[in-house]
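The lines below spell out each chain.
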Amino acid sequence: MDNALIVSSSEKSITFFTEMLRAASIGQIVVLGTCGEARRLLLERDFDLVLINAPLRDESGESLAGHIASKGVSQVILVVKSEFFEEVSALTEQTGVLTVAKPMNRTLFWAALRLAKSVGLRLKSMQSENSKLKQKIEDIRIVDRAKCILISHLSMSEQEAHRYIEKQAMDMRTTKRAVAEGILKIYEN
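Since we're looking at a predicted model, the values are computed, not measured.

## Quick word on the pattern of salt bridges
Evaluation of the coordinates by the stated rule reveals 11 salt bridges. A salt bridge links Lys147 to Asp144; the shortest N-O distance between them is 3.7 Å. Here Asp144 and Lys147 lie together in helix α5 (residues 106–154), a separation of 3 residues that amounts to about one turn. Since its relative accessible area comes to 36%, Asp144 is described here as partly exposed. In this structure, Lys167 engages Asp171 in a salt bridge whose closest nitrogen and oxygen atoms are separated by 3.1 Å. Of the two residues, Lys167 and Asp171 both sit in helix α6 (residues 158–172), 4 residues apart, roughly one turn of that helix.

See below:
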C-alpha cells in the first residue's frame, strides 16, 4: 500500500493511526475530519487504504465505508465503538468493509492492516486478470466480425476465414486482432 486516507474527528486517533501507518511504510497519508470532505476528495483520486474512525462530525461513517468499498478500489477499515461493533459489522461486511472495535491496541491494528493489505493484493490480482479476460473477449469479437465479413464478401467458409486470419497474423508477425481490424477497415467502409 502506497497511500492512505484517515477520516477521523479525534486528534488522539489521528496521531495513533498516522504513527501506525508510517511504521507500516505507507508513504502518503491524508487526514480529513468529515465524511463530506472525504467524499469530495475521493471523487478526485483513489487511495489504497481508507481508515474511518467512527463516529464523525457529519455522519456515523458506515455509509461512507460502504460507498468506498463498493467502488472496489480501496481497502476500508472502519473503527467503531465496541457497543456498536456487531450491528455495524453486520451492515458493512457485505460490502467488504473490515470493521474493528474500539478500544484498539497496536496488535489488533497491525492484524487489521495486514488483513487489509492481503485482501487488497488479492483484489488487485483479480482485477488485473479480469482486465486481461475482457481484452481477450474483445479480441475474439473483433476476429469473429472479420470472419463474418470474409464469409459474406469472399464466400469463404468459417474454417477458411479463420485460417486466413491466422496465416496473415503469422506472415505479418502481428496479432489476429490487428489483422481482423485491417479486414474490418477495408470491408466496412
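## Re the confidence of the model for the chain
Scored by pLDDT, the chain has a mean of 91; 100% of the residues are at 70 or more. Averaged pLDDT values for the elements of the chain fall to 88 in helix α3 (residues 62–71) and rise to 95 in α6.

Calculation notes
- Residues numbered from 1 in each chain as written.
- Predicted model: local features only at pLDDT ≥ 70, side-chain atom pairs only at ≥ 80, totals over all residues.
- Heavy atoms only, no water.
- Salt bridge = Lys/Arg side-chain N within 4 Å of Asp/Glu carboxyl O.
- Helix = DSSP H or I, 4+ residues; strand = E, 2+ residues; numbered from the N terminus.
- Buried < 20%, exposed > 50% of the residue type's maximum accessible area, 1.4 Å probe, protein only.
- pLDDT = per-residue confidence, 0-100.

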